[in-house]
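# Observations on the model geometry
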Amino acid sequence: MKDKILVIGSLNYDIILKQKRLPQAGETYAVDAAMFCGGGKGANQAVQSAKLGADVYMVGAVGTDAMGTYLRETLLKYGVKDKYLKITEGESGVGIVNCLEDGTVFANIVKGANYKMNQADIDKLDEVLKNTKVIILQLEIPVAVVEYVIEKASKMEIKIILNAAPAIPVSEDIIKKCDYFVVNEIESSYYCNRNIDNVETAKEAIMEFCEKYKVNSVFTLGKDGAVVCDGREVQYFPSYKVNAVETTGAGDSFVGALGYCMIYDMDLFQAAKFATCCSALTVCGIGAQPAMPTLEEVKNFETMHD
Ligand SMILES: Nc1ncnc2c1ncn2[C@@H]1O[C@H](COP(=O)(O)OP(=O)(O)O)[C@@H](O)[C@H]1O
Ligand SMILES: [Mg+2]
C-alpha cells in the first residue's frame, strides 16, 4: 500500500550537559548533570511520525560503535523500521550540547556516519519508494544526497517535505520541487535574506517566499507559534500556553506530525493545527524523543483545548 513515510536524514547520539558556565581555555569544568539520548533531526522526526501511528522507515547511517547500536535500538523501540539504516565503519553522529542556567545553548555535532550517506544508498530504495507516500528530509546529511532524493522523488507520486535545517545553501530549483518547506525563525531569516523575528515579518516574508518558490511553506516562531502559506492565503497558528520545560525537538515534532497528516491527505492548515498540538506536548517533557506524544495524547490535548 502507498502509505509509508521515509525519513531520510541524521541520527545523533545526544549528550546534553547542564552547567552554570562554559569552561575557560585549559580548564576542566565539572558539570552538574548530563543526559544521554537518541537525537538528530532525522531520527526525531521519524520517531514523532511513528509515535502517531504512521508506517515509518528511517533512511540514514550509524557507526559501528556502541552509540550506533543504541541509536538503532531506540528507533525500533519507538516503532520506526530500520531496514534501510546503514552501518558504516567508524563513529556515529554525536551531538554535544551545553545548556547554561539562563537557557543559552551551545552545540557541537560530530558529523560521523551521517555524512557518509551517498547516492548509492538512495538507489537502494527503489522498491520501498513504490509504496512511499511522504518523504521527509532535513539538511544534516550531505546536501548532494538531499538534492538527489528530491530530483528522484519529484518525478514520482510522493509528497516531499523539506525541513531546511540547519540553514545552508540549497538550489532554488530544488526548493521548487518540494511540496512543503518548513523552517524556524533563524532558518527563514536565512532563506528570505531578512530578519524574521515576529508574526508580522513572518507573514510578509512567507507570502513572498511562497510566490517565488511555489511551495507550501511553514515558518515556525518558537513560543510565538507558526505562520503557514499555501500560495493563496497565510494563516497564523499561535502556540498553546503550556508549561514548557525543555524545547529541543519542538520543530522536529512539528515536522514529524506534518508528515503523519500528509499520509491522510489532510488540508495544510488543519495539519498545522495538529502539528502545533504535537509540539506543545513535546516541549512539556524532557528530551525530544521521549516527550513526543502518541495520537491518543494529542487527541486528549485537543479535547482539553478546544
Ligand atoms: N515554549 C513553547 N510553548 C508552546 N509551544 C511551543 C513552544 N516552543 C515551540 N513551540 C511549538 O513548536 C513549534 C516549533 O518550534 P520552533 O522553536 O519554532 O522550532 P525549532 O525547534 O525547529 O527551533 C512552534 O511553532 C510552536 O507551535
Ligand atoms: Mg526554536
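Before reading on, note that the structure itself is shown above.
These notes cover the structure that comes with them. (Residues numbered from 1 in each chain as written. Chains lettered and ligands numbered in written order. Predicted model: local features only at pLDDT ≥ 70, side-chain atom pairs only at ≥ 80, totals over all residues. Heavy atoms only, no water.)

Taken as a whole and judged by the stated rule, the model has eleven aromatic pairs. Between the aromatic rings of Phe181 and Tyr191, the centroid separation amounts to 5.5 Å while the plane-to-plane angle is 90 degrees, which identifies the pairing as edge-to-face. Taken together, the residues Phe181 in strand E10 (residues 180-183) and Tyr191 in helix H7 (residues 185-192) connect sequence positions ten residues apart. Residue class for Tyr191 comes out buried when judged on its relative accessible area of 12%. If you follow Lys111 out to its NZ or CZ, it ends over the ring of Tyr115, 5.2 Å from the centre. (Phe/Tyr/Trp six-rings, centres within 6.5 Å; stacked < 30°, edge-to-face > 60°. Helix = DSSP H or I, 4+ residues; strand = E, 2+ residues; numbered from the N terminus. Buried < 20%, exposed > 50% of the residue type's maximum accessible area, 1.4 Å probe, protein only. Lys NZ or Arg CZ within 6 Å of the ring centre and 35° of its normal.)

Moving on: the site of ligand 1. In the region of ligand 1, 16 residues are neighbours, and Asn184, Thr220, Gly222, Gly225 and Gly251 sit closest. Within the contact set of ligand 1, an oxygen atom lies 2.9 Å away from a side-chain nitrogen or oxygen of Asn184. Between ligand 1 and the protein, one listed contact pairs an oxygen atom with a side-chain N or O atom of Ser279 at 3.2 Å. Among the residues making up the shell around ligand 1, the classes are represented as seven nonpolar, eight polar and one charged. (Near = heavy atom within 4 Å. Polar contact = N/O pair within 3.5 Å; in protein donor to acceptor, adjacent residues only side chain to side chain. Nonpolar A, V, L, I, M, F, W, Y, C, P; charged D, E, K, R; others polar.)

We now examine helix H8 (residues 199-213). In this model, H8 (15 residues) spans 21 Å end to end at C-alpha, consistent with the 21 Å of a helix rising 1.5 Å per residue. Burial in H8 covers these residues: Val199, Thr201, Ala202, Ala205, Ile206, Phe209, Cys210 and Tyr213. Projected onto a plane normal to the axis of H8, the buried residues spread over an arc of 150 degrees and lie on a single side. More than 90 degrees from the buried face of H8, the exposed residues found are Glu200 and Glu211. On its buried side, H8 packs onto helix H6 (172-176), E10, H7, strand E11 (216-220), strand E12 (226-229) and strand E13 (234-237). Among the residues of H8, the N-terminal cap falls to Asn198, whose side-chain oxygen and the backbone nitrogen of Glu200 are separated by 3.1 Å. Among the residues trailing H8, Lys214 stands out with phi positive, at a value near 50 degrees. (Expected span 1.5 Å × (residues − 1). Arc of directions from axis to C-beta. Contact = heavy atoms within 4.5 Å.)

Turning our eyes to something else, we now look at the pairing of strand E1 (residues 4-8). Counted residue by residue, E1 has five buried out of five residues, so it is predominantly covered. Residues Lys4, Leu6 and Ile8 of E1 are buried on one face, and the alternating residues Ile5 and Val7, pointing to the opposite face, are buried as well. Across five bridges, E1 lies against strand E4 (residues 55-63) in parallel orientation. Looking at E4, one finds that Leu6 is bridged to Tyr57. (Pairing = 2+ DSSP bridges.)

Attention shifts here to the pattern of salt bridges. Where side chains of opposite charge bring their charged atoms close, a pairing between them can arise. Within this structure, the stated rule accounts for 19 salt bridges. Measuring nitrogen to oxygen at the nearest pair gives 2.8 Å for the salt bridge that ties Glu27 to Arg21. You can call Glu27 partly exposed: its relative accessible area is 29%. Here Arg21 falls in the partly exposed class, since its relative accessible area comes to 36%. Among the ionic pairs, Asp121 bridges to Lys124, the shortest N-O distance being 3.7 Å. (Salt bridge = Lys/Arg side-chain N within 4 Å of Asp/Glu carboxyl O.)

A word on the pairing of strand E8 (residues 132-137). Judged by how many residues are buried, E8 sits mostly within the fold: six of six residues are covered. This β-α-β element, E8 to helix H5 (residues 143-153) to strand E9 (residues 159-163), shows right-handed connectivity. (Right-handed = clockwise from strand over helix to strand, strands pointing away.)

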